[in-house]
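Listed below, chain by chain, are the residues.
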Amino acid sequence: MLSIVGIDKANSGLYAGKLVQEDEVRHGGIPWTILRSTQFHEFVPMSIKAASVGPLAFVPTMVTQPVAAKEVAAALVDAAEAGPKGRLPDLGGPRTEHLKGLVAAYLAKTQQKKLIVPLRVPGPMGKAMRNGGLIPPPGSAVGRQTFLEWLEAIDAA
């Protein structure tokens, strides 16, 4: 099962649902493996699309460690082939980043003119976003492709 790094630190919305899903898998009576990953690189354009109003892009204050979706997919295939292993080490990208900087780089690369408006999300989710609660702990698995490498690659595709 694929899950999300830090869901236990930001128990709201989708993350609360993923915790329930993890619990069902763990107690479902069949052997299991759970891999938590950080947000994929594609989270950046998705967040811009979801949180833009006209020329404004509302960007949560967030520390992130984005990972390549293809690397997560490869880790899931490896996990499936290895058989049930319980909870695997979390998987994140190779660099810790601020979402605002990633959004700015994406907007520049795609030649979109938007004003980035920082958004301080309240509650446990916002706190986890700001304080690094959604990045993997030391000793976690680390992907290879940086966000900027992914950004360069989407132009070549």
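Residues numbered from 1 in each chain as written. Predicted model: local features only at pLDDT ≥ 70, side-chain atom pairs only at ≥ 80, totals over all residues. Heavy atoms only, no water.

A. Representation of the overall build of the protein in the model. Counting its regular elements, the protein contains six helices and ten strands. Taken over the C-alpha trace, the protein has a radius of gyration of 16 Å; the compact-globule value for 157 residues is 15 Å, and the two agree within 12%. Dimensions along the principal axes, computed over C-alpha positions, put the protein at roughly 50 × 40 × 25 Å. Of all 157 residues assigned to the protein, the portion counted as buried reaches 39%. About 8,600 Å² of surface is accessible on the protein, with carbon and sulfur atoms providing 61% of the total. Across the protein, the mean location of the 17 positive side-chain charges is 8 Å away from that of the 13 negative side-chain charges. (Helix = DSSP H or I, 4+ residues; strand = E, 2+ residues; numbered from the N terminus. Rg over C-alpha atoms; globule rule 2.2 N^0.38 Å. Buried < 20%, exposed > 50% of the residue type's maximum accessible area, 1.4 Å probe, protein only. Areas by Shrake-Rupley, 256 points an atom, 1.4 Å probe, with all protein chains shown as cover. Lys, Arg positive; Asp, Glu negative; His and termini not counted. Charge placed at Lys NZ, Arg CZ, Asp CG, Glu CD.)

B. Layout of the nonpolar core. Membership of the largest hydrophobic core comes to 23 residues, with the highest contact counts inside it found for Tyr15, Val44, Leu99, Val103, Tyr106, Leu134 and Phe147. At the level of secondary structure, the elements contributing two or more residues to this core comprise helix H2 (43-50), strand E4 (56-60), helix H4 (99-109), helix H5 (123-131) and helix H6 (147-156). Ranked by the residues each element gives to this core, the list is headed by H4, at five residues. Val103 has contacts with Val44, Ser47, Ile48, Val59 and Ile116, leaving out every residue within four places of it along the chain. (Core = buried A, V, L, I, M, F, W, Y, C linked by side-chain atoms within 4.5 Å. Contact = heavy atoms within 4.5 Å.)

C. Quick look at empty space enclosed by the protein. A full pass over the atoms with the stated rule returns one cavity of 30 Å³ or more. A volume near 40 Å³ is recorded for the largest cavity. Ile4, Val5, Tyr15, Ser37, Thr38, Gln39, Met62, Thr64 and Leu134 together form the lining of the largest cavity. In terms of residue class, the lining of the largest cavity is made up of five nonpolar, four polar and no charged. (1 Å grid on protein atoms, 1.4 Å probe; cavity = no way out; pocket = protein on both sides within 12 Å on 5 of 7 lines; lining within 4 Å. Points joined across faces, edges and corners; volume = space filled by probe spheres on them. Nonpolar A, V, L, I, M, F, W, Y, C, P; charged D, E, K, R; others polar.)

D. Looking closely at unusual backbone geometry. We note that Gln111 has phi near 55°; this positive angle belongs to a residue other than glycine. Here Gln111 lies in the loop between H4 and strand E9 (115-119).

E. Examining the environment of Val103 more closely. For Val103, the position within the fold is in helix H4. When the C-alpha positions of Val103 and Val59 are compared, they lie 7.8 Å apart, and in sequence the two are 44 residues distant.

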